[in-house]
Amino acid sequence: MSRIGKKPIVLPVGVKYTVSENGNTVLVEGPKGKVTAMLPGGITLVEKDGHLLAERKDDKQAAFHGLARALVFNAVTGVTTGWTKDLDIVGIGYRVELKGKNMVVFTLGYSHPIEFPLPTGIEVTIDPKQTHIAVSGIDRQKVGQIAADMRSLRKPDPYKNKGVRYTGEKLKKKVGKTGAK
């Protein structure tokens, strides 16, 4: 059984939170911006000496206790330090470049370049070799979804391991077929 819901969330200086009137969303404000997090029914937030605790009414909300705490923690971390996901582009001639302020152009071995528009709140940095990309923002869910969408443009091939992959991702390489004897 997970006890993650009982861990206190440290509230850094300059971070404020407000719970909506109906009690199902939390708005967390910090130095980097504002993030809203969902709060399941029956879970309340209590502040005790600089720490934020997620408390539940009874054991019927036990399944949502850890979820609620994790969502609020992700929001607090996002407005203070932010979230990043790193991607590597592997393959001969595969590269990525930034076109304008919010357009990423991938060259992934197809007959055409792929233009990927960036939503608001997401920033991208590309290294000079054009084979490493870092997606960053304050909303963890949005950062992870954009990184997953970029990866899905050309998933790593199991035979040659070419494609877009997360940095540090372990891949299983398959052996190709051998000639008949």
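Residues numbered from 1 in each chain as written. Predicted model: local features only at pLDDT ≥ 70, side-chain atom pairs only at ≥ 80, totals over all residues. Heavy atoms only, no water.

Engineer: Help me understand the sheet that holds strand 10 (residues 114-117), please; the structure alone is not making it clear to me.
Structural biologist: Strand pairing in a sheet takes place through backbone hydrogen bonds and is either antiparallel or parallel in direction. The strand order across the open sheet built from three strands is 8-9-10, with neighbouring strands paired in antiparallel fashion. Each edge of the open sheet carries a strand with a single partner, namely strand 8 (95-98) and strand 10. Sheet twist, expressed as the mean angle between neighbouring strand axes with direction ignored, is 25°. Relative to strand 9 (residues 103-107), strand 8 runs antiparallel, the two sharing four bridges. Looking at the pairing, glutamate 97 lines up with valine 105 of strand 9. (Pairing = 2+ DSSP bridges. Helix = DSSP H or I, 4+ residues; strand = E, 2+ residues; numbered from the N terminus. Axes fitted to C-alpha atoms, helices over the stretch in contact; angles between N-to-C directions.)

Engineer: Help me out: how do you make sense of the packing of aromatic side chains in this one?
Structural biologist: For any pair of aromatic rings, the description rests on two quantities: the centre-to-centre distance and the angle between the ring planes. The final tally for this structure, using the stated rule, is one aromatic pair. Ring geometry for phenylalanine 106 versus phenylalanine 116: centroids 6.4 Å apart, planes at 85°, classification edge-to-face. Of this pair, phenylalanine 106 sits in strand 9 while phenylalanine 116 sits in strand 10; the two residues are ten residues apart in sequence, bridging distant segments of the chain. The pair phenylalanine 106 / phenylalanine 116 is uniform in exposure class, with both members buried. When the ring centre of tyrosine 166 is taken as reference, the NZ or CZ atom of lysine 85 above it lies at 5.0 Å. The cationic tip of arginine 140 hangs over the ring face of tryptophan 83; the distance from NZ or CZ to the ring centre is 4.4 Å. (Phe/Tyr/Trp six-rings, centres within 6.5 Å; stacked < 30°, edge-to-face > 60°. Buried < 20%, exposed > 50% of the residue type's maximum accessible area, 1.4 Å probe, protein only. Lys NZ or Arg CZ within 6 Å of the ring centre and 35° of its normal.)

Engineer: Help me understand the pattern of salt bridges, please; the structure alone is not making it clear to me.
Structural biologist: Opposite charge on two side chains makes pairing possible when the charged atoms of those side chains draw close. Scanning all chains against the criterion turns up three salt bridges. Between aspartate 59 and arginine 56 there is a salt bridge, with the nearest N and O atoms lying 3.2 Å from each other. Classification of aspartate 59 as exposed rests on a relative accessible area of 60%. (Salt bridge = Lys/Arg side-chain N within 4 Å of Asp/Glu carboxyl O.)

Engineer: Help me out: how do you make sense of the nonpolar core in this one?
Structural biologist: Nonpolar side chains tend toward joint burial in soluble globular proteins. If you look at the biggest cluster of nonpolar residues, it comprises 20 residues, and the most contacted ones within it are Val104, Phe106, Ile133 and Met150. For this core, the elements supplying multiple residues, two or more each, are strand 7 (83-90), strand 9, strand 10, strand 11 (122-126), strand 12 (132-137) and helix 2 (140-151). Broken down by element, the residue count for this core peaks at four residues, all from helix 2. The residues touching valine 104, leaving out its near neighbours within four places in the chain, are Val96, Glu97, Leu98, Ile114, Glu115, Phe116, Leu118, Val124, Ile133 and Met150. (Core = buried A, V, L, I, M, F, W, Y, C linked by side-chain atoms within 4.5 Å. Contact = heavy atoms within 4.5 Å.)

Engineer: Can you help me understand the UniProt feature "domain: Large ribosomal subunit protein uL6 alpha-beta" (unreviewed entry) in the protein in this one?
Structural biologist: The feature "domain: Large ribosomal subunit protein uL6 alpha-beta" (unreviewed entry), as annotated in UniProt, sits at residues 13-82 and 90-166 in this numbering. Helix makes up 27% of residues 13-82 and strand 40%, whereas the separation of the span's terminal C-alpha atoms amounts to 15 Å. Here residues 90-166 is 16% helix and 38% strand, with 11 Å between the C-alpha atoms at its ends. (UniProt positions renumbered as here; feature names shortened; annotations may be inferred.)

Engineer: Just to check I follow, could you spell out the domain arrangement of the protein for this structure?
Structural biologist: Interface size is often expressed as the accessible area that is lost when the parts come together. Domain parsing of the protein yields domain 1 (9-81) and domain 2 (83-166). Of note, the centres of domain 1 and domain 2, computed from C-alpha atoms alone, are 31 Å apart. (Domains from an automatic or database assignment.)

Engineer: Please explain unusual backbone geometry as it appears in this structure.
Structural biologist: The phi angle of most residues is negative, glycine excepted, and most peptide bonds adopt the trans form. Not every positive phi belongs to a glycine, and glutamine 130 is a case in point at roughly 65°. With respect to the helices, strands and loops of the structure, glutamine 130 is situated in the loop between strand 11 and strand 12. Positioned with a positive phi, asparagine 161 is a non-glycine residue whose angle comes to about 60°. Tracing the backbone shows asparagine 161 in the loop between helix 2 and strand 13 (163-166).

Engineer: In this structure, what is going on with the pairing of strand 12? I would like to understand it.
Structural biologist: On a regular strand, one side chain projects to one face of the sheet and the next to the other, so that they alternate. Counting buried residues in strand 12 gives five out of six residues, a clear majority hidden from the surface. In this structure, strand 7 lies alongside strand 12, joined through six bridges in antiparallel fashion. The residue bridging aspartate 88 from the neighbouring strand is histidine 132, located in strand 12. Looking at chain direction, strand 11 and strand 12 are connected through five bridges and run antiparallel. Among the inter-strand pairings, threonine 125 is bridged to a residue of strand 12, identified as alanine 134. The antiparallel pairing of strand 11 with strand 12 creates a hairpin that spans five residues between the two strands, and glutamine 130 there sits at a positive phi of about 65°.

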